[in-house]
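Observations on the model geometry
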Amino acid sequence: MFHQTIVRVRAGTKLDRGGNSVPDWSPDQVLRLSVSSVSVQPATQTEQTDDTRSAVVTGWQVISAPGVDADILSGDRIEWGGMTLDVIGEVGRYLEFGDGSTHHIEFVMRRATG
C-alpha cells in the first residue's frame, strides 16, 4: 500500500522591494526532499464554471507508512505523477502511544487548473 514516492518542494526566500522576506520559487532556490513509503489516494474533485473559465480542483490524501515522518509543512508543494500540487492545511502527525514518536503523517494536496 505504501509503494509511492513524492518530492516535497519548499520555497527559498528573497527580499521584495519593501525589504520583506517573501517565498522564492525559482528553480535554483527551492529545497527538494524525496519521501518514499507513502500512499496517495484520490480525495476530492470539483468543477466550477462561469462565463470566462472552467476550473477543476482535484485533491489527494497522502498517508505515510508507519514509522515514516517527513519535513512537510502547509505551504510546501509536492511533485507527484508529473504534477506540482499544493499542500493544503496542516500536516497531521499521529503519535505513538508511550514514547510520543511519530507513527505516521497524513495531509491533503490539491491541484487547481483553469
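Since this is a predicted model, take the numbers as computed values, not measurements. Starting from 1, residues in each chain are numbered consecutively following that chain's sequence as written. Only residues with pLDDT of at least 70 get local features here, since the model is predicted, and only at 80 or more are side-chain atom pairs given and counted; chain-wide, interface and lining totals rely on the full set of residues. In computing side-chain values, all of the structure's heavy atoms are included and hydrogens and water are not.

**Quick look at the pattern of salt bridges**
Any carboxyl oxygen of Asp or Glu within 4 Å of a side-chain nitrogen of Lys or Arg constitutes a salt bridge here. Enumeration over the complete set of coordinates arrives at 6 salt bridges. The structure contains a network of salt bridges with shared partners spanning R8, R10, D71 and D76.

**Looking at the nonpolar core**
Buried Ala, Val, Leu, Ile, Met, Phe, Trp, Tyr and Cys residues form a nonpolar core when they are joined through side-chain atoms within 4.5 Å. Exposure is judged per residue with a 1.4 Å probe applied to protein chains only, and the accessible area is read against the type maximum: over 50% gives exposed, under 20% gives buried, and values in between give partly exposed. One finds I6, V40, I72, I78, W80, F107 and M109 to be the most contacted residues of the largest nonpolar core, which totals 17 residues. For this core, the secondary structure elements donating two or more residues are β4 (31–49), β5 (54–64), β6 (77–80), β7 (83–95) and β8 (102–113). It is β7 that provides the largest number of residues to this core, a total of 4 residues. Two residues form a contact once any of their heavy atoms are found within 4.5 Å. Dropping the residues within four chain positions of it, W80 is found in contact with Q4, T5, I6, V40, W60, L85 and M109. A run of H or I in DSSP becomes a helix once it reaches four residues, and a run of E becomes a strand once it reaches two; helices and strands are each numbered from the N terminus.

**Notes on the pairing of strand β2 (residues 12–15)**
Criterion used throughout: strands pair if DSSP finds at least two bridges between them. In this structure, β2 lies alongside strand β3 (residues 21–24), joined through 4 bridges in antiparallel fashion. Pairing of K14 across the sheet is with V22, part of β3. In sequence, β2 turns back onto β3 through a hairpin of 5 residues, with G19 there showing a positive phi of about 85°.

**Brief notes about the side chain of H104**
You can see H104 is positioned in strand β8. N or O atoms within 3.5 Å of each other form a polar contact, as long as, within protein, one can give a hydrogen and the other can take it, and as long as residues adjacent in sequence are counted only when both atoms are side-chain atoms. Reaching out from H104, the side chain makes a polar contact with the side chain of H103 at a distance of 2.8 Å. At a separation of 2.9 Å, a polar atom in the side chain of H104 contacts the side chain of E106. Apart from residues no more than four positions distant in its own chain, H104 is found in contact with I63, S64, A65, P66, V68, G92, R93 and Y94.

**Notes on unusual backbone geometry**
With phi around 65°, S37 is a residue other than glycine that occupies positive phi space. Residue S37 is classed as partly exposed on the basis of its relative accessible area, which comes to 29%.

**Describing the packing of aromatic side chains**
Pairing of aromatic side chains requires ring centres within 6.5 Å, counting the rings of Phe and Tyr and the six-membered ring of Trp. Pairs whose planes differ by under 30 degrees are stacked, by over 60 edge-to-face, and all others tilted. Evaluated as defined, the whole model comprises 1 aromatic pair. Both rings, one in W60 and one in W80, keep their centres 5.6 Å apart while their planes meet at 65°; by these two values the pair is edge-to-face. Here W80 lies in strand β6 and W60 lies in strand β5, a separation of 20 residues in the sequence. No difference in accessibility class separates W60 from W80, as the two residues are buried. By definition here, charges over rings are those cases where NZ of Lys or CZ of Arg is within 6 Å of the ring centre and within 35 degrees of the ring normal. The positively charged end of R77 is found above the aromatic ring belonging to W25, 3.7 Å away from the centroid.

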